[in-house]
Amino acid sequence: MKLTSEQAAGRIMVALDYPSADAAEHLIAELQGIPCYMKVGMQLFYAAGPSFVQSLKERGYFVFLDVKMHDIPNTVKGGANSVTKLGVDMFNVHAAGGSAMLEAALEGVDIALTGSGIIKPTIIAVTHLTSTNQLMLNEQIGIGGTVETAVLRYAELAKSAGLDGVVASPSEVKAIKAACGPTFKTVTPGIRPKGADVNDQSRIMTPSEALSQGTDYMVIGRPITAANKPRAALESIIEELTTYE
Ligand code: C5P
């Protein structure tokens, strides 16, 4: 299936990993008119806060709030309730928090939605960070087996708790879809266009390789934000996706 430019842009989540709203606004202005998702992670959210997220929503952007909640169930329930009230389109929690925590997140969302007219956000679980490799998993985190097995276990946990999908590496998408079904969403960081700097990512793929795996959304940061010409970098990724068959 060939994607239109708009469909391709809608699958790209630009990681606004900036220290301030001003710095992020610079990039947002540069990318104006391209209907991609904006991903607000902890660096920007801790600096610019809820008002920045609300302002993105007021301007019509799709927003993924990547704050990776991981705490006791009652606290995550409260966190999920607060971010749902901000009107974000997607947010995430760590699968490692276990099913009680994941279900508490859903409860927090439901409470925020009741009688509010807010559209339900997509709730995604973080499996293993795309910077995690086998050695770290086995020797530092203390989980045996392969990264893929560990990711799948978390994906199945998230699915059975009622979440909408997971963050994972593009190389895990096929196995996740096979285990959790085709509508279970996959959000994949670790995307690097051919020749781009790998930075601290471990499990990477190019945009078209990720698309061929069936990923729903690809998170892309530094290949766009650190490029000399960020708009051209994003356009070239969109072009790669629209020409891919
Ligand atoms: O710059 P780069 O493309 O590596 O940015 C990837 C983005 O995706 C960062 O904002 C990072 O926090 C986020 N992310 C990730 N791995 C995960 C979850 C989120 O790299 N498992």
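See the structure printed just above.
Keep in mind the model is a prediction, meaning the values are calculated, not measured. (Residues numbered from 1 in each chain as written. Predicted model: local features only at pLDDT ≥ 70, side-chain atom pairs only at ≥ 80, totals over all residues. Heavy atoms only, no water.)

For this particular structure, what's the right way to read the overall build of the chain?
Within the chain, the secondary structure is distributed over 11 helices and 8 strands. In terms of C-alpha radius of gyration, the chain reaches 17 Å, essentially the compact-globule figure of 18 Å for 245 residues. Projecting the C-alpha coordinates of the chain onto the three principal axes gives extents of approximately 45 × 40 × 35 Å. For the chain, the residues scored as buried account for 51% of the 245 residues in total. (Helix = DSSP H or I, 4+ residues; strand = E, 2+ residues; numbered from the N terminus. Rg over C-alpha atoms; globule rule 2.2 N^0.38 Å. Buried < 20%, exposed > 50% of the residue type's maximum accessible area, 1.4 Å probe, protein only.)

Explain the site of the ligand here, please?
Around the ligand there are 17 residues in total, and Asp17, Lys39, Arg192, Gly221 and Arg222 lie nearest to it. Residue arginine 192 places a side-chain N or O atom 2.7 Å away from an oxygen atom belonging to the ligand. One nitrogen or oxygen atom from the side chain of glutamine 201 is found 2.9 Å from an oxygen atom belonging to the ligand. Protein contacts shield 88% of the accessible area of the ligand, which totals 470 Å² for the unbound molecule. (Near = heavy atom within 4 Å. Polar contact = N/O pair within 3.5 Å; in protein donor to acceptor, adjacent residues only side chain to side chain. Areas by Shrake-Rupley, 256 points an atom, 1.4 Å probe, with all protein chains shown as cover.)

Sorry if this is basic, but what is going on with the pairing of strand β7 (residues 185–188) here?
Across a regular strand the side chains alternate sides, sitting on one face of the sheet and then on the other. Direction of pairing for strand β6 (residues 165–167) relative to β7: parallel, over a ladder of 3 bridges. The residue bridging valine 166 from the neighbouring strand is threonine 186, located in β7. Strand direction decides the pairing type here: β7 and strand β8 (residues 217–220), joined by 2 bridges, are parallel. For valine 187, the partnering residue across the bridge sits in β8 and is tyrosine 217. You can see the chain leave β7, run along helix α9 (residues 207–213) and come back into β8, and the turn it takes is right-handed. (Pairing = 2+ DSSP bridges. Right-handed = clockwise from strand over helix to strand, strands pointing away.)

How should the sheet that holds β8 be read in this particular structure?
Hydrogen bonds between backbone atoms are what pair the strands of a sheet, whose relative direction is either parallel or antiparallel. Pairing is parallel around the closed barrel formed by 8 strands, whose spatial order is β1-β2-β3-β4-β5-β6-β7-β8. Across the sheet, the axes of successive neighbouring strands diverge by a mean angle of 25 degrees, strand direction being ignored. Pairing geometry for strand β5 (residues 122–126) and β6, over 3 bridges, is parallel. Residue pairing in the sheet places alanine 125 in a bridge with valine 166 of β6. Along the sheet face, helix α5 (residues 98–113) touches β3 (62–69), β4 (90–94) and β5 and points at about 150 degrees away from the line of β4. (Axes fitted to C-alpha atoms, helices over the stretch in contact; angles between N-to-C directions. Contact = heavy atoms within 4.5 Å.)

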